[in-house]
Amino acid sequence: MALKFPIYLDHAATTPCDPRVVEAMLPYFTEKFGNPGSRNHSFGWEAEAGVDAAREQVAAVLGATDKEIIFTSGATESNNLAIRGGALMYEKHPAGSGKSRGHIITSIIEHKAVLDPCKRLQKEGFEVTFLEPPSDGVITADMVKNALRDDTILVSLMWANNEIGTINEIPAIGAMLKASGREVIFHTDATQWAGKMPTSVDKDNVDLLSMSSHKIYGPKGVGALYVRRRRPRVRLASLVDGGGQERGFRSGTLNVTGIVGMGKACEIAMQEMDRDTARLSKMRKRLEESVTAQLDSTQVNGHREKRLPHIANISFGFVEGESLMMACKEIACSSGSACTSASLEPSYVLKGLGVGDELAHSSLRLSLGRWTTDEQVDYAIEKIVAAVKKLRALSPLYDMHKEGIDLSKVEWAGH
Amino acid sequence: MSYGPKIIDHYENPRNVGNFGTQADVKTRKDVGVGLVGAPECGDVMQLQIKVDQATGKIEDAKFKCFGCGSAIASSSLATEWLKGKSLDEGLAIKNTQIVEELSLPPVKIHCSVLAEDAIRAAIADYKAKNGLPADADTAQSR
């Protein structure tokens, strides 16, 4: 089959909707358009039935029960509700008491949707420990254990990292927290994990879990927060008040079409998970091995085994990420380069791993998906290798490297 | 970032890529001035080399290499085009704002043009220093 351009290799950013998802959603726009809050007519009942079914589909993918699923606008809202709602509910001392309101543990490589709520709580009187992972990017149970304090109320760690795909020891951390006998709520941002990898909130001792629909071939603008109901029953302060939907955790008329789509996406995810994982990990491995074999001074970032099947993050020494993406514009991917970010700062995740600013500027994230083909990956390999070679021919740093000059010893006139 | 046609053209067909020898070579060449500005951790490094006809004092050739984004590559490529055939004083008269205008650089990329101007000044200053010419008051001020 002829390749169509550009080739989409940015599935960690978002995924296309599965056509089966769109099909499941369509009736809820026009015929079954009711408000599930309308308890007195069939329009409301129909919509409610759609939401109920979706709630079960989402619960199934997490190993939870349907009553433990709160629908939100996406993982960002889920994270905010879990962290802020959890901190406010479990605070040790009230604001203005002059004492620490409570201690929170998270890590420096979390998504901004976790970091920023934590930083806001810090300003408001909570104390936050930001764990720093080693260069493999993996947060272990021991690191969390060492950071625990008597006033720790919440631990929030991502299941898998969105930039490098590394997997934290979530089940081990959950087990450690449970065994510690402390009353600490354990939240995980599973945006890149849930629906892609086997999950059992019960077995893994997770209390709160955020997930998103659009990362798993569902629609945008919908997500879920799992809130444990038994052992312990987790409570949260709501952030959006109003009609009391979603058991009062999250008011607002439900996004029925989105929710139905997310449910369908979860159902498909359960069926196709093993096949997707096997196929994508093979593809990713080939991609990484092929480019690193053809190019010197190239490194794959993050732990070699403990990572998601579909995300490859590679630094190409002596070339800059934005120009690299320009040189392979037939491929849609992302970069840790400052020039591609709104903040003009290189990736804080790669910096957090100690990758070094110059290699952070030189990184590409390629993330594969359900419809990525071997031909597309072959094309990407060929294009990336050619682009790196072209840019290295332009790079004064590569010349200096070849001449045996140690770049770290050069006195740069920074600006 | 979506770029205008002139940046794309310079990026895809960069002019005057190269150098007049290794770092060690050019250090000893009196007819060559080298400007190396920026830093790898900032995400851009430009190397601009000028070759001066010592009889006429004109820049007869200019070469560049650049580690950086598309705008940085385009800015340095353009700088080499403009430098050729100019006297040192004329070279020093090139301003970053002219580069911004010529390439229609977006506001977040203005620093690339500043870096190119710095590279021009550094290369000319290097040439002057090697040949015992008085440093221009302007060039002595580094940014």
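One numbering rule holds for all chains: residues counted from 1, following each sequence as written. Ligands are numbered from 1 and chains lettered from A, in the order in which they are written. Local features are withheld for residues below a pLDDT of 70 in this predicted model, meaning they are given only at 70 or higher, and side-chain atom pairs are given and counted only at 80 or more; totals for whole chains, interfaces and linings count all residues. Hydrogen atoms and water are omitted, and side-chain values are computed over all heavy atoms in the structure.

K.L.:
For this particular structure, what's the right way to read the sheet that holds strand β1 (residues 32-39) of chain B?
P.N.:
Hydrogen bonds between backbone atoms are what pair the strands of a sheet, whose relative direction is either parallel or antiparallel. All names here are of chain B. The sheet built from three strands is open, its strands ordered β1-β2-β3 with antiparallel pairing. Strand pairing shows two members of the sheet lacking a second neighbour, β1 and β3 (58-67), which therefore form its edges. Adjacent strand axes in the sheet meet at a mean angle of 15° when their direction is disregarded. Any two strands between which DSSP finds at least two bridges are classified as paired. Secondary structure counts use DSSP, requiring at least four H or I residues in a row for a helix and at least two E residues in a row for a strand, with both numbered from the N terminus. In the sheet, β1 pairs with strand β2 (residues 44-53) via eight bridges, with the strands oriented antiparallel. Following the sheet pairing, glycine 33 is matched in β2 by isoleucine 50. The contact definition used throughout considers only heavy atoms, calling two residues in contact when any of these lie within 4.5 Å. The axes used here are C-alpha line fits, helices contributing only the stretch in contact, and every angle between their N-to-C directions lies in the interval 0 to 180 degrees. Contacting β2 and β3, helix α3 (residues 70-83) runs over the sheet at an angle of about 170° to β3.

K.L.:
Before we go on, may I ask you to explain the side chain of B:Gln49 in this structure?
P.N.:
The residue B:Gln49 is located in strand β2 in this model. Beyond its immediate chain neighbours, meaning those up to four positions away, B:Gln49 contacts B:Asn19, B:Phe20, B:Gly21, B:Val26, B:Val32, B:Gly33, B:Val34, B:Asp61, B:Ala62 and B:Lys63.

K.L.:
Sorry if this is basic, but what is going on with the interface of chain A and chain B here?
P.N.:
Interface size is commonly expressed as the accessible surface area that is lost when the partners come together. Counting residues at the interface gives 29 residues for chain A, matched by 33 residues for chain B. For this analysis, a salt bridge means a side-chain nitrogen from Lys or Arg found within 4 Å of a carboxyl oxygen belonging to Asp or Glu. Counting every contact that joins chain A to chain B gives three salt bridges. Two residues, A:Glu322 and B:Lys109, come together in a salt bridge whose shortest N-O distance is 3.0 Å. Under the rule applied, a polar contact is a pair of N or O atoms within 3.5 Å (in protein, one hydrogen donor and one hydrogen acceptor; residues adjacent in sequence only if both atoms are side-chain atoms). The interface formed by chain A and chain B holds 15 residue pairs in polar contact (both at pLDDT 80 or more) in total. Of all the elements in the fold, those that place two or more residues in the side of chain A that touches chain B are α9 (321-327), α11 (357-361), α12 (374-394) and α13 (396-402) of chain A.

K.L.:
Would you mind going over the domain arrangement of chain A with me for this structure?
P.N.:
Residues and elements named next belong to chain A. According to the domain assignment, chain A consists of domain 1 (7-12 + 273-407) and domain 2 (19-269). Measuring from the centre of the C-alpha atoms in domain 1 to the corresponding centre in domain 2 gives 30 Å. Take the accessible area each of two parts loses on contact, using a 1.4 Å probe, and add the two losses: that sum is the buried area. Around 2500 Å² of area is buried between domain 1 and domain 2 when both sides are counted, 59% of it from carbon and sulfur atoms. Inspection of the region where domain 1 meets domain 2 yields one salt bridge. Lysine 306 serves as the salt-bridge partner of glutamate 169, at 3.7 Å between the closest nitrogen and oxygen. At the boundary of domain 1 with domain 2, the tally comes to twelve residue pairs in polar contact (both at pLDDT 80 or more). At the level of secondary structure, the elements contributing two or more residues to the side of domain 1 that touches domain 2 comprise α8 (256-294), β10 (311-316) and α10 (348-352). The dominant element in the side of domain 1 that touches domain 2, judged by the number of residues it contributes, is α10, at four residues. The domain boundaries here were taken from an automatic or database domain assignment.

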